[in-house]
Amino acid sequence: MAKASAKDEVVEGEAPKKKKGGMMKIVLLVVGVLVLVGGGVAGGLYAMQSGLIGGGAHAAEPTYDKPKLVPKSEEKRVSATGGGEGGHGEGGGSASSHGPMGAGGDKFASTYYTMEKEFTSNLKDSVHFVQVGIAISTPYDERVIESLKTHEIAVRSAVLLALGDATEDQVFTVQGKRALQIHLAHAINAVLKQKEGFGGVGNVYFTNFVVQ
């Protein structure tokens, strides 16, 4: 009887060890599953953010290639024997003293574009009307001129509206004309920003100015 009870004691003493070992296996299994799931989620998020799998729309978003400033060394010069085509605008030194609207100035080249047709408009609160020809300069590359040509109808409309808002004081004085130059440049840039997302016009020059 003593042997039997001893055997029973041995069996009863070993049972808790087996139970404890089984619990450890379950804990390790759960931890392993959590690690695998966590790693899969992290990998999926990384792949989505990097655009490797669907959802990386922002990565494929096209970026607008804005016009670049043209260095002074690349400015197109008109030779002494060449004509006056396209190299320089009229009235160079008489430009408004505020400088180009945005980065530019003498560090960069100036490209000029003369609008073919002149502008005629009544003056604000006046019996007089003004007829002007204008040229536009930009320190940026040819894409600004291309935008001007593409949207010339909208640009002409903006210029006419600006001239219609001009007063006699502006058209009969030098300071007034310079202020009008700035006003016209802002009006043209507003059109280009609306249409193309970028202005780029530095100055407006008068190639002809008649008040009647």
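The structure this text deals with has already been given above.
Computed from a predicted structure; not experimentally measured.

### Topic: the overall build of the protein
- Scanning the protein for helices and strands turns up five helices and four strands.
- The 212 residues of the protein split such that 30% are buried.
- Put simply, of all contacts in the protein between residues at least 6 apart along the chain, 74% involve residues at least 24 apart.
- Accessible surface, the protein: about 13,900 Å² in total, of which carbon and sulfur atoms supply 59%.

### Structural notes on helix 3 (residues 152–164)
- Between its terminal C-alpha atoms helix 3 stretches 18 Å, which fits the 18 Å expected from 13 residues at 1.5 Å a residue.
- Every buried residue of helix 3 is accounted for by Glu152, Val155, Arg156, Ala158, Val159, Ala162 and Leu163. Angular distribution of buried residues about the axis of helix 3 spans 160°; they occupy a single face of the element. Every exposed residue of helix 3 that faces more than 90 degrees away from the buried side is listed here: Ile153 and Leu161.
- Those residues of helix 3 hidden inside the fold are in contact with strand 1 (111–114), strand 2 (119–122), strand 3 (129–138), helix 2 (143–150) and helix 5 (174–196).

### A short note on unusual backbone geometry
- In this structure, Asp125 takes a positive phi of about 55° despite not being glycine.
- Counting through the fold element by element, Asp125 comes out in the loop between strand 2 and strand 3.

### Quick notes on the environment of Gly200
- Mapped onto the elements, Gly200 comes out in the loop between helix 5 and strand 4 (203–211).
- Taking the C-alpha atoms as reference points, Gly200 and Ser147, separated by 53 residues in sequence, lie 9.8 Å from one another.
- When sequence neighbours within four positions are dropped, the list of residues in contact with Gly200 reads Ser137, Thr138, Pro139, Tyr140, Val144 and Asn189.

### Focus: the packing of aromatic side chains
- The tally for this structure, following the rule as stated, stands at three aromatic pairs.
- Between Tyr140 and Phe198, the aromatic rings sit 5.0 Å apart at their centres with planes inclined by 85°, giving edge-to-face as the arrangement. With Tyr140 in the loop between strand 3 and helix 2 and Phe198 in the loop between helix 5 and strand 4, the pair connects residues that are 58 residues apart, well separated along the chain. Across the pair, Phe198 and Tyr140 agree in class, each one buried.
- Lying across the ring of Phe209, Lys177 places its NZ or CZ 4.6 Å from the centre.

### Here we look at the packing of helix 2 against helix 5
- Where helix 2 meets helix 5, the axes come as close as 11 Å, and the angle between the chain directions of the two elements is 90°. When the axes of helix 2 and helix 5 are compared, the pair comes out roughly perpendicular. Contact residues: Val144, Ser147 and Leu148 in helix 2; Ile188, Leu192 and Glu196 in helix 5.
- Within the contact of helix 2 with helix 5, the residues separate by chemical class into four nonpolar, one polar and one charged.

### Some thoughts on the nonpolar core
- Counting residues in each nonpolar core, the largest one holds 30 residues, and the members touching the most others are Ile134, Leu148, Val155, Val159, Leu184 and Ile188.
- Secondary structure elements with two or more residues in this core: strand 3, helix 2, helix 3, helix 5 and strand 4.
- No other element matches helix 5, which puts seven residues into this core.
- When near neighbours in sequence (up to four residues on either side) are disregarded, Leu184 contacts Val159, Ala162, Leu163, Val204 and Phe206.

### Topic: the pattern of salt bridges
- Considering all chains together, one arrives at three salt bridges under this definition.
- Here Lys72 and Glu75 are joined by a salt bridge, their closest N and O atoms 3.3 Å apart.
- Judged by its relative accessible area of 38%, Lys72 falls in the partly exposed class.
- Between Asp165 and Lys124 there is a salt bridge, with its nearest N and O atoms 3.6 Å apart. Separated by 41 residues along the polypeptide, Asp165 in the loop between helix 3 and helix 4 (168–172) and Lys124 in the loop between strand 2 and strand 3 bring together distant segments of the chain.

### What to know about the side chain of Glu75
- Here Glu75 lies in the loop between helix 1 (2–49) and strand 1.
- Residues contacting Glu75, with those up to four places away along its chain left out, are Ala109 and Ser110.

### Quick notes on the environment of Leu163
- With respect to the element layout, Leu163 can be found in helix 3.
- Residues Leu163 and Phe129, 34 residues apart in the sequence, show an inter-C-alpha distance of 9.4 Å.
- In contact with Leu163, other than residues within four places in its own chain, are Phe119, Ser121, Asn122, Leu123, Val132, Leu180 and Leu184.

Thresholds, definitions, all that
Residues numbered from 1 in each chain as written. Predicted model: local features only at pLDDT ≥ 70, side-chain atom pairs only at ≥ 80, totals over all residues. Heavy atoms only, no water. Helix = DSSP H or I, 4+ residues; strand = E, 2+ residues; numbered from the N terminus. Buried < 20%, exposed > 50% of the residue type's maximum accessible area, 1.4 Å probe, protein only. Contact = heavy atoms within 4.5 Å. Areas by Shrake-Rupley, 256 points an atom, 1.4 Å probe, with all protein chains shown as cover. Expected span 1.5 Å × (residues − 1). Arc of directions from axis to C-beta. Phe/Tyr/Trp six-rings, centres within 6.5 Å; stacked < 30°, edge-to-face > 60°. Lys NZ or Arg CZ within 6 Å of the ring centre and 35° of its normal. Axes fitted to C-alpha atoms, helices over the stretch in contact; angles between N-to-C directions. Parallel < 35°, antiparallel > 145°, perpendicular 65-115°, else oblique. Nonpolar A, V, L, I, M, F, W, Y, C, P; charged D, E, K, R; others polar. Core = buried A, V, L, I, M, F, W, Y, C linked by side-chain atoms within 4.5 Å. Salt bridge = Lys/Arg side-chain N within 4 Å of Asp/Glu carboxyl O.

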